[in-house]
Amino acid sequence: SAISVIYLLDVSSSVHPGAIKGALEWITKTNDAGRPDHAQFVAFGSNSLPFDTVEELRKVKVAGERREGSVDTSETDLAGALDRALRSFSPNHLKRAVLISDGNENSGNIAGALARLNRENVHVFTNPIESRVSRDAWVETVMAPPSVTADEQFPIEVHVYSQFATSGTVTLRKGNETLESKTVQLEHGLNRIAFSARVKDETSTVTLEASVAAKEDSFDANNAFRQPVVVNGRPRILYVESHEASAQYLRRALESEGLIVDVVAPEALPSAVSQLDP
C-alpha cells in the first residue's frame, strides 16, 4: 500500500497513435489491479504535463511546438519525463516509475537522469510501444576514447540502428570539419561502422558528431549523435645525440608518431630540473 507510482506516457510525434490508445487502456487496467496508495499520470514529449487521473491524461492537449498547457510533440525528452517523476513521488513511499515509450530519445540526457533516480532508490519499469515510423534509421551512439593525444590517430565506432535494410552515408565531423564519410549498406538491426580520426587541437575538448543519411529514412530528428573527447597536448621528447648526422633517423621516426622532438648535443643537456620540465 505504501507505493507511489508515476506513469510516464510518451505522446511525441514518433509514437503511433494506436499505441497511445492501447497504452491508456493498459495504464487503467494496471493501476486498477495494483491499487497503489498514490499514482500520477504524466504525458510527455519535449516537455511534461502531470495529471491526477487517467481520464485527464486522455484529454491532454498536444502541439507541434511549445504552448502553454499542452505537450510539445516535436521531440522526445526521456530525461525530462523522469525528472518530472522524481518531483512527483509521494513522500515516505516506495518509488516506482513506469516509462511507456518507443525509446526514440532526441533531447535531454538520460544518463544523468538515471544517476539521480538511482540515488533516490527509484525503480524504473519500461513498456515499449510501437513507433509511428517503421522505416527509421538513427545513430545509436559513438564509441570513442574519453581522451586522446593531439595529432594521434585513434579508433571510433559509430553504431547505427536501422529498422530496415537500406543504403546510406555515415559521416563523422568535428565542428564544421568533415573527418571522414562512408557509404554503407545498413542491415536491419544494429550496424557498427569503424572510423579513425586524428585531432590536432591541443589541450582542449572537442565534440565529434556522427550522422547518418539513409535512403527512405522517414524520421530524421534522431540522425545525429555528439560525443565529447578530451584532447591532451602532444608528448615532448628530449633526444640527446653526440653524432649530429645520425640524429635525423630517430627524430623522424618519433615525429611520425606525433611526438615533439628536441635534439641536443650532450654538452647542451639541461643541468636543472626546471629546464627539463618542458
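Everything quoted here is computed from the prediction, not taken from an experiment.

What counts and how
Within every chain, residues take consecutive numbers counted from 1 along the sequence as written. With pLDDT at 70 or above as the cut-off, local features in this predicted model cover only qualifying residues; side-chain atom pairs require 80 or more to be listed or tallied, and sums for whole chains, interfaces and linings still use all residues. Side-chain measures were taken over the full set of non-hydrogen atoms in the model, leaving aside hydrogen atoms and water. When DSSP finds two or more bridges between two strands, those strands count as paired. Secondary structure elements follow DSSP: runs of H or I no shorter than four residues count as helices, runs of E no shorter than two count as strands, and numbering proceeds from the N terminus. A fitted line through C-alpha atoms represents every axis, and for helices the fit uses only the stretch in contact; the resulting angles, taken between N-to-C directions, go from 0 to 180 degrees. Should a side-chain nitrogen of Lys or Arg be within 4 Å of a carboxyl oxygen of Asp or Glu, the pair is scored as a salt bridge. A 1.4 Å probe rolled over the protein chains alone gives each residue an accessible area, and that area as a share of the maximum for its type sets the label: buried under 20%, exposed over 50%, partly exposed in between. Should any heavy atoms of two residues lie within 4.5 Å, those residues are counted as being in contact. Two rings belonging to Phe, Tyr or Trp (six-membered ring only in the last case) form a pair when the distance between their centres is within 6.5 Å. Interplanar angles under 30 degrees mark stacking, angles over 60 mark edge-to-face geometry, and anything in between is tilted. Charge over a ring is defined by NZ of Lys or CZ of Arg lying within 6 Å of the ring centre and within 35 degrees of the ring normal.

Caption draft 1: Structural context of the sheet that holds strand β10 (residues 153-162). If you walk across this open sheet you meet the three strands as β8-β10-β13, and the pairing is antiparallel. Edge positions in the sheet fall to β8 (137-143) and β13 (189-198), since each has one partner strand and no second. Taking each pair of neighbouring strands and ignoring which way they run, the sheet shows an average axis angle of 25°. Bridge count for β8 against β10 is six bridges, and the pairing is antiparallel.

Caption draft 2: Up close: the pattern of salt bridges. Using the criterion set out here, one finds eight salt bridges in the structure. With a closest N to O distance of 3.2 Å, Glu25 and Arg58 form a salt bridge. Pair noted here: Glu25 is in helix α1 (residues 17-34) and Arg58 is in helix α2 (residues 54-58), with a separation of 33 residues, a long-range link. Here Arg58 falls in the partly exposed class, since its relative accessible area comes to 33%.

Caption draft 3: Just the side chain of Ser48, in detail. On the secondary structure map, Ser48 appears in strand β3 (residues 48-51). Excluding its chain neighbours within four sequence positions, the residues that come into contact with Ser48 are Val42, Ala43, Gly80, Ala81 and Arg84.

Caption draft 4: Quick look at the environment of Ala97. By the secondary structure assignment, Ala97 is in strand β6 (residues 94-101). Taking C-alpha positions, Ala97 is 4.9 Å from Ile6, a pair spaced 91 residues apart along the chain. The contacts of Ala97, once residues within four sequence positions are left out, are Ile6, Phe89, Val122, His123, Val124 and Phe125.

Caption draft 5: Inspection of the packing of aromatic side chains at higher detail. The final tally for this structure, using the stated rule, is two aromatic pairs. Arranged with centres 5.4 Å apart and planes meeting at 5°, the rings of Tyr7 and Phe41 form a pair that is stacked. Taken together, the residues span a long stretch of sequence, with Tyr7 in strand β1 (residues 3-10) and Phe41 in strand β2 (residues 38-44) at a distance of 34 residues. The residues Tyr7 and Phe41 share a single accessibility class, namely buried. Directly above the aromatic system of Phe195 lies the positively charged group of Lys182, at a separation of 5.0 Å from the ring centroid.

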